[in-house]
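# Coordinates in review
Now for the letters of each chain:
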Amino acid sequence: MKILSMHNQLPKKLEKNTVIESSLDLRCNFSQPIEVVAVSLLNNYSDKALNGLERLPTMDIPEVVRNSDPNLKNAPLYQISTERMVLQISKYGVRYVNKSPYPGWPVFEDGLNEFLNFIISSKTVSFVERIGLRYINFLHADAAQVCRISFNSGIGLDRIQFNHVDVFRKDQFIIKTVIANEAKLNNVVRGSVLDIDVSCSDSFEPLYDNFASRIEEMHSICRQTYFSSLSNDFLEDLGPSYE
């Protein structure tokens with residue numbers, strides 16, 4: 001699947017938004033114990049936090065078990081929620097999750113910059129291993145009909161359910177796409193999922209100096225990947241605006 005430059009011009013806005021979750025993942029080493037980091041983050045968002053510092057059930061799993069299980073090693077241990085976003089704090093990183101509905105890139109970017117500026121000024125992070133920008137989209141259609149990818153079995157069989165994963169490299173960025181049908185939104189609405197994750201494990205030395213430019217580049221790749229994954233007919237149904 002070709003992921004770039006499928007359309008001569010990318011839409012600036014869609015009338016029908018498909019984003020159900022957008023997030024930034026910061027994989028890092030903390031310079032302080034995670035409890036101190038969590039309280040420090042809470043203090044920064046204290047005027048907006050809805051439920052204070054939430055201790056998640058993962059904390060009840062012994063640390064030795066969490067560290068030995070790849071699925072639990074980076075699982076969030078604490079959470080801070082505001083009306084606009086959720087911060088999920090694990091032993092090896094923190095994740096900024098924008099709450100649905102997606103407000104558009106300028107508002108989402110403002111929230112990310114506020115979060116990153118606090119991380120920088122608080123000096124709670126000693127080393128950044130990875131940053132990743134992720135968009136999960138729900139398509140009210142069968143992906144086999146609206147995505148630019150062939151789901152033909154090649155032997156005359158009709159595939160009725162699939163989960164297709166592609167991983168690409170573009171310079172220092174890794175782009176992972178997951179396309180799956182037979183998905184449900186809120187356990188009711190049936191459709192498909194288009195999951196786009198763009199990450200960078202480049203050297204961030206001096207620390208944070210190139211965060212803003214990296215995130216801008218990742219967002220640009222997410223947009224290009226999204227629009228090049230959809231058929232022209234389905235894109236028109238979403239009501240694209242180019243102005």
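Whatever comes next refers back to the structure up there.
Residues numbered from 1 in each chain as written. Predicted model: local features only at pLDDT ≥ 70, side-chain atom pairs only at ≥ 80, totals over all residues. Heavy atoms only, no water.

## Focus: empty space enclosed by the protein
Inclusion rule: For cavity detection a 1 Å grid was placed over the protein atoms alone, and a set of points counts as a cavity when a 1.4 Å probe fits there but cannot get out; an open set counts as a pocket when protein lies on both sides within 12 Å along at least five of seven lines, with lining residues being those that have an atom within 4 Å of a point. Grid points are joined across faces, edges and corners, and a volume is the space filled by probe spheres set on the points. The helix and strand labels rest on DSSP assignments: H or I over at least four residues marks a helix, E over at least two residues marks a strand, and numbering proceeds from the N terminus. In this count, Pro and Cys sit with the nonpolar residues alongside Ala, Val, Leu, Ile, Met, Phe, Trp and Tyr, while Asp, Glu, Lys and Arg are called charged and the others, Gly among them, polar.
With the rule as written, the count across this model stands at one cavity of 30 Å³ or more. In this structure, the largest cavity spans a volume of roughly 40 Å³. Residue lining of the largest cavity: Arg66, Asn67, Leu72, Lys73, Ala75, Leu77, Lys91 and Tyr92, and that is the complete set. For the lining of the largest cavity, the elements supplying multiple residues, two or more each, are α2 (63–68) and α3 (70–73). In terms of residue class, the lining of the largest cavity is made up of four nonpolar, one polar and three charged.

## Considering the layout of surface pockets
If you add up the space inside the largest pocket, you get close to 520 Å³. In terms of lining residues, the largest pocket is bounded by 20 residues, among which Lys12, Lys13, Tyr102, Trp105 and Arg223 are the most central. At the level of elements, β1 (13–14), α4 (105–122), β7 (125–139) and α6 (211–229) are the ones that each hand at least two residues to the lining of the largest pocket. A total of five residues in the lining of the largest pocket trace back to one element, the largest contributor, which is α6. Residue composition of the lining of the largest pocket, by class: 11 nonpolar, five polar and four charged.

## Considering the nonpolar core
Nonpolar side chains in soluble globular proteins tend to end up buried together. What counts, and what does not: Grouping buried Ala, Val, Leu, Ile, Met, Phe, Trp, Tyr and Cys residues that are joined through side-chain atoms within 4.5 Å yields what is termed a nonpolar core. Throughout, exposure labels follow a simple rule: accessible area from a 1.4 Å probe, protein chains only, divided by the maximum for the residue type, with under 20% read as buried, over 50% as exposed, and the rest as partly exposed. Residues are treated as being in contact if the distance between any of their heavy atoms lies within 4.5 Å.
Ranked by internal contacts, the top residues of the largest apolar core, which has 59 residues, are Leu41, Phe115 and Leu133. Not counting residues within four places of it along the chain, the set of residues in contact with Leu133 comprises Ser23, Leu24, Trp105, Phe108, Leu112, Ile196, Asp197, Val198, Ile215, Met218, His219 and Cys222.

## Some points on the packing of aromatic side chains
Our working definition: Paired rings are identified among Phe, Tyr and Trp, the last through its six-membered ring, by centres lying within 6.5 Å, and are further divided according to the angle between planes into stacked (under 30 degrees), edge-to-face (over 60) and tilted (the rest).
A full pass over the atoms with the stated rule returns seven aromatic pairs. Ring geometry for Tyr96 versus Phe108: centroids 6.2 Å apart, planes at 40 degrees, classification tilted. Placement of the pair is Tyr96 in strand β6 (residues 93–98) and Phe108 in helix α4, with a sequence separation of 12 residues. Here Tyr102 and Tyr135 contribute two aromatic rings whose centre-to-centre distance is 5.4 Å and whose plane-to-plane angle is 80 degrees, an arrangement assigned as edge-to-face. Separated by 33 residues along the polypeptide, Tyr102 in the loop between β6 and α4 and Tyr135 in strand β7 bring together distant segments of the chain. With respect to burial, Tyr102 and Tyr135 carry one shared label: buried.

## With respect to the environment of Leu77
By the element assignment, Leu77 lies in the loop between α3 and β4 (78–81). Between the C-alpha atom of Leu77 and that of Ile89, which follows or precedes it by 12 residues, the distance is 5.9 Å. Those residues in contact with Leu77 that lie beyond four places of it in its chain are Ile34, Glu54, Arg55, Leu56, Thr58, Met59, Arg66, Ile89, Ser90 and Lys91.

## Looking at α4
In plain terms, the rule: Helix span, as expected, comes to 1.5 Å for every residue beyond the first.
Over its 18 residues, α4 runs 25 Å from end to end, which matches the ideal 26 Å to within 8%, given 1.5 Å per residue. Among the residues of α4, those classed as buried are Trp105, Phe108, Glu109, Gly111, Leu112, Phe115, Leu116, Phe118, Ile119 and Ser122. Looking at the buried side of α4, the elements it contacts are β2 (19–30), α1 (34–44), β5 (85–90), β6, β7 and α6. Positive backbone phi, at 55 degrees, marks Lys123, one or two positions downstream of α4.

## Topic: α1
What α1 keeps buried is the set Ile34, Val37, Ala38, Ser40, Leu41 and Leu42. Contacts from the buried residues of α1 go to β2, β4, β5, β6 and α4.

## Thoughts on the environment of His164
Under the convention used in this document: Here a polar contact is taken to be a pair of N or O atoms separated by no more than 3.5 Å, where protein atoms must pair a possible hydrogen donor with a possible acceptor and residues adjacent in sequence count only if both atoms sit in side chains.
Relative to the elements of secondary structure, His164 occurs in strand β8 (residues 163–170). On a C-alpha basis, the gap between His164 and Thr177 in space is 8.0 Å, while along the polypeptide they are 13 residues apart. Of the polar contacts made by the side chain of His164, one reaches the side chain of Asp166; its length is 2.9 Å.

## With respect to unusual backbone geometry
Cis rather than trans, the peptide bond between Ser100 and Pro101 has omega equal to 5 degrees. Tracing the sequence through the fold places Pro101 in the loop between β6 and α4. Positive phi, close to 55 degrees, is recorded for Asp171, a residue that is not glycine. Looking at the secondary structure, you find Asp171 in the loop between β8 and β9 (173–185). Overall, Asp171 belongs to the exposed group, its relative accessible area being 59%.

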